[in-house]
Amino acid sequence: MPTPAYQSVSGGARQYRLASHPEIRVVATDLGLACCAVEFAAALTRGLLLPVADADPVPTLHLLVVSGTLTHALRPSIEAAWERLPEPRAAMAFGACTASGGPYWDSYSVAQGIDETIPVQVYVPGCPPRPEALIAAILSIAEGAADVIRS
Amino acid sequence: MTIAANSVEITQQIEWISAEQWRDSLASAHRQGWVCLDVLTAIDRPEQREFHVVLHANRVDSALGQWWGVVVPQHDAELASLVDVFKAAAWHERETREMFGITFTGNVVSHDPTAQGLLLSDEAPVTPLRKHVPLGARVDTPWPGNADPDPRRSASRRRQAPPGTRPEWFETGDGQ
Amino acid sequence: MIEDIAIESRGTIKLSAPDCTSCMLCVRECPVWCIEIDSHTEQVTPEGARRPRSVAVLDAFTIDWGLCMYCGICVEVCPFDALAWAPSPRGGVGEAEQLVAGIEDLSG
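Model, not experiment: these values are computed from the prediction.

1. Describing the nonpolar core
Core analysis: the biggest nonpolar cluster contains 47 residues, and L64 of chain A together with I35, F61, I63 and W65 of chain C have the highest contact counts within it. Listed by contribution, the elements that provide at least two residues to this core are β4 (61–67), α2 (75–83) and β5 (89–94) of chain A together with β1 (12–15), α1 (25–29), β2 (35–44), β3 (53–64) and α2 (73–77) of chain C. Once residues lying within four places of it in the same chain are set aside, the contact partners of W65 of chain C are P125 and G126 of chain A together with T12, I13, Y70, R90, L99, A101 and L106 of chain C. The next biggest cluster of nonpolar side chains, apart from the first, holds 28 residues, and it includes L26, L40, V53 and V70 of chain B.

Right, here's the structure in full:
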């Protein structure tokens, strides 16, 4: 039984607001698989993404951020994390590994991106992307530039 | 540690041991304080038809680490296990067997052909870290560098192997 | 949106298409094979020259930003300095295909 991968470096699903746009409330889970997780963490430590004490019962968005290299072995865990995500929801492919496998695209053990496993609403290029790129991508989904999945 | 990808010279200090002395030497090192096994793995040297099995261990009384190495011939890829010296060797030797096909005498799981794969799925290639095992994605993907529009340039120089590949992967009729 | 980024930051790579001779060095040296070039040669006769010479004409230059690992080998290897780092990073896109950038995008 694979260990649930949704226990992330940031401690699981948590509601955040964007420092630049405080009205946007995102319940984000970072699946910190590899180096890109450090940039997600940097967005927190630099205060670009702020945990909210008073969680809004109707957040703008439930967001799954996949940051790092996806191996074939971990695909079921990613799928499970997406399945559990309430709507309105979106998945972000953060960094080259999640878009294509990145530098490891040629490996027998690496999935060439996450979008064969879960639907992806936004792809953020970078190796790794800057924390500001994370914020800009969250903004683009929250403001409707990318398709959010709502029933 | 610097191991140049295509050069055979390993530039950091490695204490080279003979295969016969491998277990005794590391047992002695362990008694002398090199107690923390960091990594035990192998390097495939196909041109020399040998493996370098390398081990890195650390002390706990200081920040020192040390490499040891042994040459193992590929036609007889077996080495004494270190499980009774370093408990962690059980995992590393099993991984090395899975990735390179080297067996470790005395590591029961390493020798058990029915033991399930530690890391590799059923779909993964056998001994994938051996250099003759191609990276399938690189072989199957057309290299953009082949599309050189200048016929003089591509004809007059030796055909360059794409980065990340070995020429033998492309030899016709040779799937391995 | 992003302020105070160091000028030498590896935000993205820019192409100066007029400087590109389609020598293919960047394509051949890229470790992840993310650059593609399409070009053809044309015969041009410079004024006063006795015979025509062959010049490369760049038809397409793409970088797949989904693969790029920002190693900078292409920038270093270009003999004509047609590739350069720019500090501001590229934004996210909604479709994977949009990660492949062409000449206009890379020149902007």
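2. Here's the deal with the pairing of strand β2 (residues 36–45) of chain B
Where β2 of chain B and strand β3 (residues 50–58) of chain B come together, nine bridges link them in antiparallel fashion. When the bridges of β3 of chain B are listed, C36 of chain B appears paired with N58 of chain B.

3. Focus: a negative patch on the surface
The grouping of D115 and E116 of chain A together with E95 and E97 of chain C at the surface amounts to a negative patch. Inspection of the secondary structure puts E97 of chain C in the loop between β4 (83–86) and β5 (100–101). Its relative accessible area of 59% is what places E97 of chain C among the exposed residues.

4. A closer look at helix α4 (residues 131–142) of chain A
Residues and elements named next belong to chain A. Between its first and last C-alpha atoms α4 spans 17 Å; for 12 residues at 1.5 Å apiece the expected length is 16 Å, and the two agree. Along α4, 10 of the 12 residues are buried, which leaves the element largely enclosed by surrounding structure. Buried within α4 we find P131, E132, A133, L134, I135, A137, I138, L139, I141 and A142. One or two residues past the end of α4 sits G144, with phi positive at roughly 90°.

5. Quick notes on the sheet that holds strand β3 (residues 49–51) of chain A
Residue and element names in this part refer to chain A. Taken in spatial order, the six strands make up an open sheet running β3-β1-β2-β4-β5-β6, and their pairing is mixed. The open sheet has two free edges, formed respectively by β3 and β6 (122–124), since each of these has just one partner strand. Here the average twist between neighbouring strands, direction ignored, is 35°. Those strands touched by α4 are β1 (14–18), β2 (25–32), β3, β4, β5 and β6, and its axis lies near 150° from that of β5.

6. Examining the interface of chain C and chain A
Taken together, the contact between chain C and chain A spans 21 residues of the former and 20 residues of the latter. Buried surface at the junction of chain C and chain A, summed over both partners, amounts to about 1600 Å²; 71% is from carbon and sulfur atoms. At the boundary of chain C and chain A, one finds zero salt bridges. Residue composition of the side of chain C that touches chain A, grouped by class: 14 nonpolar, five polar and two charged.

The rules we used
- Residues numbered from 1 in each chain as written.
- Chains lettered and ligands numbered in written order.
- Predicted model: local features only at pLDDT ≥ 70, side-chain atom pairs only at ≥ 80, totals over all residues.
- Heavy atoms only, no water.
- Core = buried A, V, L, I, M, F, W, Y, C linked by side-chain atoms within 4.5 Å.
- Buried < 20%, exposed > 50% of the residue type's maximum accessible area, 1.4 Å probe, protein only.
- Helix = DSSP H or I, 4+ residues; strand = E, 2+ residues; numbered from the N terminus.
- Contact = heavy atoms within 4.5 Å.
- Pairing = 2+ DSSP bridges.
- Patch = residues over 30% accessible without salt bridge, like charges linked within 9 Å, V, L, I, M, F, W, Y side chains within 5 Å.
- Areas by Shrake-Rupley, 256 points an atom, 1.4 Å probe, with all protein chains shown as cover.
- Salt bridge = Lys/Arg side-chain N within 4 Å of Asp/Glu carboxyl O.
- Lys, Arg positive; Asp, Glu negative; His and termini not counted.
- Charge placed at Lys NZ, Arg CZ, Asp CG, Glu CD.
- Expected span 1.5 Å × (residues − 1).
- Axes fitted to C-alpha atoms, helices over the stretch in contact; angles between N-to-C directions.
- Buried area = accessible area lost by both parts, 1.4 Å probe.
- Nonpolar A, V, L, I, M, F, W, Y, C, P; charged D, E, K, R; others polar.

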